[in-house]
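Structure assessment
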Amino acid sequence: MNGEMVESYLRDLIADLTDGVRPEPDGDGDLPVTYKGSQCYARIARVGDDLVVQTFSVVSQVEYSHELADALNDINHILIFTRAFHTGGQILLENDLFAGDLDRYTFSRALFFLASATGDIGPKLVEKFGGTPRFDPEAAQAPDPPADDTPGLYL
């Protein structure tokens, strides 16, 4: 699978699901996404032979501590489809999709789970550990699930 094609399609999806502006990569190669009050980013990573689309949100300028690590471990016990970790002075909430599975529905679900986790967990992390939030807690508090415009599935 061609990474440039996936990135182009991802940029189109972001424009479709947000304000209609096709984002440009930032200095790190990440695509900014504002969804349900949460400032997220999307990037394409190669994992072995596969391309993966990662979506993540951040609380920046947070110092690592054992207490923070314990809190993130506790959070990871309850999160579904998303994980929390600290790296490079940031707390990241992240989820991944295989690029071959990327479509409007799967990407909107990934953003929905990320925005929900950010709205619920982000303010608590900032309150307890400090840092700069990259989200609007009120707007991200109760996001609406995306419309399911995929055809019905049969078991």
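Residues numbered from 1 in each chain as written. Predicted model: local features only at pLDDT ≥ 70, side-chain atom pairs only at ≥ 80, totals over all residues. Heavy atoms only, no water.

A few points about the overall build of the chain
To be explicit about the condition: By definition, any uninterrupted DSSP run of H or I lasting at least four residues is a helix, any uninterrupted run of E lasting at least two residues is a strand, and each is numbered from the N terminus. Whether two residues are in contact is decided by their heavy atoms, any of which lying within 4.5 Å being enough. Shrake-Rupley sampling with a 1.4 Å probe provides the accessible areas, and residues are treated as covered by the protein chains on show and by no other component.
In terms of helices and strands, the chain carries four helices and six strands. Counting helices and strands in the order they occur from the N terminus, the chain gives α-β-β-β-α-β-β-α-β-α. Contacts in the chain between residues far apart in sequence, at least 24 positions, make up 60% of those at least 6 positions apart. Per element, the accessible surface of the chain, about 8,700 Å² overall, is 51% carbon and sulfur.

Some details on the side chain of T118
What counts, and what does not: Here the term buried applies to any residue with accessible area under 20% of the maximum for its type, exposed to any over 50%, and partly exposed to those in between, with areas from a 1.4 Å probe on protein chains only.
Mapped onto the fold, T118 is located in helix α3 (residues 104–129). Since its relative accessible area comes to 1%, T118 is described here as buried. If we ignore the near neighbours within four places in the chain, the residues touching T118 are S38, S57, L93, P123 and F135.

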